[in-house]
Every structure is written in structure tokens, then in C-alpha cells.
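Reading the structure
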Amino acid sequence: MRWLDRLLFSMVTTPIKWLVKVKSIPSDIENELGIDKSKPIVYLLRTHSVTDQLALKVSALSLGLPKPTVNIEVDDIYFPACLFLTNPNSVLNRKIKNTDIKENAAKLFSLHRQNPDLDIQIVPVSILWGRAPGKNTSGWADVIANQVSPSWLRKFFIVLFLGRDNFVSYSKAVSSKNMIKLKGSDSDIAHKLIRVAGTHFHRKMQTMTGPNLLEKQQLYNSVLGSKSVTQVIAQDASSKNKSQEQIRNQAKKYLDEIAADYREGMVRIGEKLLTKVWNKIYNGIQVKHASRVRELAQSGHEIIYAPCHRSHMDYLLLTYVIYHEGLVTPHIAAGINLNFPPVGGLLRKAGAFYLRRSFAGNKLYTAVFREYLELLFNKGYSVKYYPEGGRSRTGRLLPPKTGMLAMTLQALIKGVNRPVSIVPVYIGYDHVMEVSSYLKELKGTDKKKESFFQVFSAIKKLKNYGVGYLNFGEPINLSNYLDQKEPNWREHKDKESDKKPTWLTPVVNDLATDVMTRINQATAISAMSICATCLLAAKKHAIPRTELERAIDHYLGLLKNSEYSHLTTIPQVSGKELLADTLKRKKLTISEDGYGEIVSLRDQNAVALTYYRNNIQHLFALPSLIVAVVFSHKSLTKLQVLKLVASLYPLLKRELFIHMDQIQAESYLASLLDNMLEMGLLNEQEGQVLPPEPSSNAFYSAWLLSQGIQETLHRYAVVLTLLSKNALISRSELEAQSRQFAQRLSNLHGLSSPEFFDKNVLSSFISALKENRLIEADENGQLSYTEKTESLCQDVIQLIEPEITQRLQQI
């Protein structure tokens, strides 16, 4: 750094550091970007700016990186720690002056040729002040919005107004050792570096700010002037005996009802408010696997976020996380029920676009919505929608709604001019604030209509809710997906858009299932969910504290030894620490007798905690089934245990959205069984798999595991027994009778899970029976019992408790 720069830097450091708040992206540069802090680092910035260097200095120190203001020493030669592509604009004109980057880079490569062991990391760093996207029209806001090589005067206003919204985003390092392997002189290689860096910074800016804003008139022209909408306008005008102008005005009203009115300023204000809210109600938000999404964005992908839906907080949490991960905040598909004043307008300015619960029969609305969605894709806006279509009231994933996915694939088939990827997202909480209202709705209480007063009341009641969890799942590249499912899909691009190909519906259904399984694949196990899983399996929902701590260790140890998925996140602390953390939520009761402490659930809390258990139930369904088989049979070989569990797997896969196919599942089951034997959760004697000795420390943990699958098996037994008692029965009647008897069992035996008699869960099981040809259906849709059904029923009956078997005989 030259003496004049050092003087200027020291003069502005003190006043500016009060204005600037730096956010570093990513926070773990070593693991995500592979940057080696032990090797020399040279930073590559877009503009030679003192304030940019100050922001970088603050960020670098927080990450343990070398200061960008101190020259680095290479073979006794001092070299600038920063390279700059351009100098700032002049105040009086927009002429951009070149820097000495070419000479300095060539000098660096020359040093490398003299010392082949040298390896200097050139780290591109993008520094943004605010995240305002570009506009098609100019205005006064451009003084701070346009940040490409601003003059010192414009930079003053940028820092003044946007200093608290500073983002320092690092990219993967370029190795000088690899650069000198390129053809050409040192000067030629330096020129290539400059050219590539210019493209990189442009793409990085787009990745973080997004495409230009859509102006209102541009929106009207694009959607209302599209071929599909104009065709429907003409058809409606003819069929309804109205003028095309009247129908067009109606289409315009639909578009106004639907379209977002994104304003980056609203997002910045929202981010400030949400930071205060999160700090009040959460002890932290754990985010995993964001790097894969950044890679997609940097590669120019259109990103569609497909999260599970637990709470209204999901809308805010995911957008907040995306913003802080340095990605473009998405346009969010929201139910029309949220479009109430003043909340609806605020959400619209934060990127929400609204859709009705049903499009049925309204061709004009359907055409307008579909064209709007395609416009978002083609313009490069990221989009977020919930494949479940609504919030889960039980904590399980709901069967997916396929409408938005179908429109997404139809847009791709018509021709989106960039790769499109769906990113499944798992969201979880230590506490969901709507759980009490969910339980009332499951008992038959009408859902309250959303209103401002309801929101205000909820805000007043906010308290500490523990930790929030957000894991990004394995992305689905839609072009590649269609190539696998329908290799000739591109042939439909030139066909009429309103005529969907015959193969589309089954492909959409498969895609919907794949999205849901990938959400579950990225599950985060919380302290609350694992404690609830153990306690709800216990008799009277009470366990001695030491045994509960041991059971948690066994449960988590089993998943660590037999990995469900590399995307699943498991707490890395002991059962003792997890339980202590959960007790702070005050949902569990601690009592003490002469033998020690007992952890239990209050009756009213037992039902509520099934929600958190159900978040992770798919992770423990197979271990639980293995142990249940061993406890009930007691004299099977390993092969017989695995065969019986594998026969039930397709039903669990369908119900719980498990990602493994049959072959993968069988391999996983074998791994689980081996690890259970090694951990002492099961024993093996003379080729027979047995429960552990009652005197062993692992016995109670194993017994709890066996109980974890019982309610699922009870539900299966109810449906199968009803089928056996009826020669023919319609699906609707079977669902109704199953629900009625399951509710009776729940009342008689204290089965506290609302999903035990939930119609979605029962319907999913019946669908699984049909898909796996375990029941038959005649031409009228009447279902009938078969030999396969009989065999399955006997297998299930042997695994359930005797008192439940006795009740089933009463059907």
C-alpha cells in the first residue's frame, strides 16, 4: 500500500468503522472454498476503493485471514496484498482508469517461475453495499444503486446509506502455480486473469442482486400479450358474449392480484426487524449445505426452492437465510389467505406473489398465473414454493400438491433459456408456535382466518423458541431429470402450450415424490425431536433421567454408525447435554424419588410433542422395525429378520418419504443390524438374533426403539383387518372405517398421536398397498383382499401388542 493510500486509509478508518457492518460470505471459507490460510494470499477486488479495503480488512480479521492492507513478502520481495481491476470513476465523468494489475500480476507469475515451489492464492472478493437489483429506468436512487466503479463522492453516499448492509463475498482461490501452466508470457497470462476476473465479478454481482426489476408496464405487456393469454381472452369473449377489452381488464385484475412488487428496500428493512426477532425468539439458526446452492447460482441456474412447511415462520426464515447466504431473495408463492391488509402489501414488496387455493374451471386465471410464473423463470428470478401446499399439522410431510411442479415443467418444456434446478429445503424448529392451534384443528376446530390482529397477537406472545434448523437438500436439475424420465421431451417445445403431453402427469408425480424424499434426506435432528422420540415410546411417557440420556446416545450413535444420508445433520454432543438443553424449553417435567430423577411429559404436552417426533420419524422407522421383529419373534436368523423387514419397507418408504430404493434399503438394513449387534442393542447366539439381556444397559434403549414403530403397525393392522372383513369395499368407505376404528383405539389405549387416525396418513397407506399390488381393485374401484394381503396382515399382527390384536378381533 502506497504512503498516500495509507494516510487516506488511516484518516477514514475511524469515522467509517462506525458506519460499516460487515457480513462475510461464506463463514467457513476453508471447508467451502478450500482456501489455505497457511499459504500466501493476494486479494483480487473489482475497484480500487479505500472503503472496500476497510470492509475487507474487518472481514478478513474476523475469519483469521491476513490483512489486505499489509504487503505480503515473497522471496524477500514485498508484493501488494490486493490487486484491483479498475480505479474509481472521476467525479466529473464516467471514464474508468486502468490500474497496475497487469504489471503486478505479471510480476507475481515471474516470481513463481523463479521459485516453482511457490503457491500464491489469488482470492477474488466481491464487496457489495446493499443488494439492490438493476432497473430499466434511471432515477435519483441510482446514486447509490449503481456501484460499478463509483467515484469517491458517490461512494460517500453509498457508505452513508448502505454501510450497515455490507457484504464481503469470497470466491475459490486461483492458484498461481496453476496459472503459469497456461500458454503465453507472464503478461499474456495476467491479461487472461483480468479478462476472466471481469466476467467473474459481473456474474457474482448478478448472483447476489438478481436480474433487473420488472416495471409494471413491462409486466403487463409480457403476460397479457402472451399467446396463451390472448387466446383465452378471445375464447372467453366469444363464450361469455363480452368484449375482448372487458376480458383483458379482468386478466389485468388477476395479474395485479397475483404479481409481486419486489422492493429491495423492504427486504433490507425486513432483515433488520427479523434480526431483532430471531435474537429474541431463537438461540440461533443452524444452516447447512448452503454451498451447493451458491454453486448453482454462480453457474447461472434458475433456482426454485421447495421447502417443507411447518409454520408461517418458514416464509420469513428461509428468505432471511437466503439473503444472509449471499443469494438473491426469491419470489415466494403464498396462499391468497395471506393477502390481507397491511400484511399482504408488505409481503408483496418483499417478493411474495399470491395464488388461489384452486384454479378449477378458471382458464383465464390459470393462463395469467402460468405466464407470470414462466416470466419469472425466463427473467432469472429465483422462486420459492411449498410442494405440500400448506402447513403440516402433524409434523410429517404432507402428500405433495403437484400444480406448481407441473407448471414448472411445462415452462421448461416451452423453453426456459437457462438451466433450472429445484432445491429441496428441510426446515425444523425446537418449537413451532402454531402447534396448539394445529392440535385444535385436528380435533375438528375450524381454522382461524388470518388477519392483522392475529399476527399482532402472535407477535406479542413471542418467546424463546430454542433453535431453528435449515438444511438445503440435494438439488434436482430438471433438464437432466426429464432426460432420464422422457428422453424426447425437447420435441414438445414447439407444440401448443395448453396441450400437455401424456407423459407429463406421471413424471410430475415422480418428481413430487423425489422432492419430498430429498427434503427428508436433509433432516436436522434437534434436541427436542430426539427427546420427544424417546419419551413418547415409553410407558406413561416417563423415563429415569440417566436412562433417557443413555437412550439418546444409543439412538444418535446408531445413526452415526449407519448413516441415513450424508445430508442428515446429527447433534455432536452427548445425550446428557441434549437433555439439559431441552429441559430449558420447560416442556418436560422433572420429578425425583429416592432412586433419582424422572423425566416425563405432562398429558397436554404429550400430544404436542408428537409433532417434533414426527419430524424425524423416518430416520428411526427402520431401526425400530428391526428391533420390533426381534422382540416379537425372538428366534430368527439375521437373514430372516432382514427379509421380514424388507417386505414391509415399500409401505414405510411410501408413507414416510424415505429416499432409498429397495436394493439400497436392504443394504442399509444389513448395516443397521450389524451395528445394533456391535452396540449391544441386539444379541446373536448360535445364529439367532435375540433381544439384549434385561440386565444390560442397552436393553431399555432397544425396547424403546421397538415401541417407536408400534403406532404405525397398529394403523396398518386396522386397515388390513378391515379389508379382511369385507369381500369388497370402496376406498372412501375403507378410509372412513379405518379412521373411525383407529380413533377408537386411540381413546381406549391412550395413543396420543393425532396422525394415528389422520386421513392423509391412512390414504397414503392404502395407496401404497395398491401400488405394491398387495390389494386388488375391480373396474368399479372396489378393493378386495388377496393372499398377499393375508400374508402381510399376519406378519403385521405378529409384531403388535396383544391387547391391540384383541381389539382388532372386535371389528
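Residues numbered from 1 in each chain as written. Predicted model: local features only at pLDDT ≥ 70, side-chain atom pairs only at ≥ 80, totals over all residues. Heavy atoms only, no water.

Description of the overall build of the protein chain
For the protein chain, the count of helices and strands is 34 helices and 23 strands. Scaling as 2.2 N^0.38, a compact globule of 811 residues should have a C-alpha radius of gyration of about 28 Å, and the protein chain matches this with 30 Å. The buried share of the protein chain, taken over its 811 residues, is 54%. Sequence separation of 24 or more characterises 78% of the internal contacts of the protein chain that already satisfy a separation of 6 or more. For the protein chain, the exposed surface amounts to about 36400 Å²; the carbon and sulfur share of it is 52%. A gap of 8 Å separates the mean positions of the 101 positive and 78 negative side-chain charges of the protein chain. (Helix = DSSP H or I, 4+ residues; strand = E, 2+ residues; numbered from the N terminus. Rg over C-alpha atoms; globule rule 2.2 N^0.38 Å. Buried < 20%, exposed > 50% of the residue type's maximum accessible area, 1.4 Å probe, protein only. Contact = heavy atoms within 4.5 Å. Areas by Shrake-Rupley, 256 points an atom, 1.4 Å probe, with all protein chains shown as cover. Lys, Arg positive; Asp, Glu negative; His and termini not counted. Charge placed at Lys NZ, Arg CZ, Asp CG, Glu CD.)

Section: helix H4 (residues 101-114)
Think of an α-helix as turning once every 3.6 residues; residues three or four places apart then point the same way. End to end, H4 covers 20 Å across 14 residues, agreeing with the expected 20 Å (1.5 Å per residue, within 8%). Every buried residue of H4 is listed here: Ile-101, Asn-104, Ala-105, Ala-106, Leu-108, Phe-109, Leu-111 and His-112. (Expected span 1.5 Å × (residues − 1).)

Quick look at the environment of Leu-470
Within the secondary structure, Leu-470 sits in strand S15 (residues 467-472). Considering only alpha carbons, one finds Leu-470 and Ser-591, 121 residues apart in sequence, at a separation of 34 Å.

Re the pattern of salt bridges
By the definition in use, this model includes 34 salt bridges. With a shortest N-O distance of 2.9 Å, Lys-414 and Glu-374 are connected by a salt bridge. Taken together, the positions of Lys-414 in helix H17 (residues 403-415) and Glu-374 in helix H16 (residues 363-379) put the pair 40 residues apart, joining distant regions of the chain. Salt bridges sharing common partners tie together Asp-165, Glu-264, Arg-268, Glu-271 and Lys-272. (Salt bridge = Lys/Arg side-chain N within 4 Å of Asp/Glu carboxyl O.)

Things to note about helix H18 (residues 435-442)
Among all positions of H18, only Val-435, Tyr-438 and Leu-439 are buried. All buried residues of H18 lie within an arc of 100° about the axis, which places them on one face of the element. (Arc of directions from axis to C-beta.)

Let's talk about a nonpolar patch on the surface
A surface patch of nonpolar side chains, amounting to about 540 Å² of accessible area, comprises Leu-19, Leu-153, Phe-156, Phe-157, Leu-160 and Phe-161. Note on placement: Leu-19 falls in the loop between helix H1 (3-17) and strand S1 (22-25). Given a relative accessible area of 33%, Leu-19 falls into the partly exposed group. (Patch = residues over 30% accessible without salt bridge, like charges linked within 9 Å, V, L, I, M, F, W, Y side chains within 5 Å.)

Some remarks on the pairing of strand S5 (residues 82-86)
With respect to burial, S5 is a largely interior element, five of its five residues being buried. Pairing of strand S2 (residues 41-47) with S5, which is carried by four bridges, proceeds in the parallel orientation. Of the residues in S5, the one forming a bridge with Tyr-43 is Cys-82. (Pairing = 2+ DSSP bridges.)

Quick notes on the environment of Asn-71
Tracing the backbone shows Asn-71 in the loop between helix H3 (50-63) and strand S3 (72-74). Along the backbone, Asn-71 and Glu-655 are 584 residues apart, and their C-alpha atoms lie at a distance of 60 Å.

Concerning the packing of aromatic side chains
All told, the structure shown has 18 aromatic pairs when counted by the stated rule. When the ring of Phe-167 is compared with that of Tyr-323, the centres are 5.4 Å apart and the planes differ by 90°; the resulting orientation is edge-to-face. Of this pair, Phe-167 sits in strand S7 (residues 166-170) while Tyr-323 sits in helix H14 (residues 313-324), and the two are 156 residues apart along the sequence. Taken as a pair, Phe-167 and Tyr-323 share a single burial class, namely buried. Ring geometry for Tyr-564 and Tyr-668: centres 6.3 Å apart, planes at 80°, overall edge-to-face. Placement of the pair is Tyr-564 in the loop between helix H23 (545-561) and helix H24 (575-583) and Tyr-668 in helix H28 (residues 662-679), with a sequence separation of 104 residues. For Tyr-668, a relative accessible area of 6% gives the class buried. Residue placement shows Arg-131 over the ring face of Phe-167; its charged tip is 4.7 Å from the ring centre. (Phe/Tyr/Trp six-rings, centres within 6.5 Å; stacked < 30°, edge-to-face > 60°. Lys NZ or Arg CZ within 6 Å of the ring centre and 35° of its normal.)

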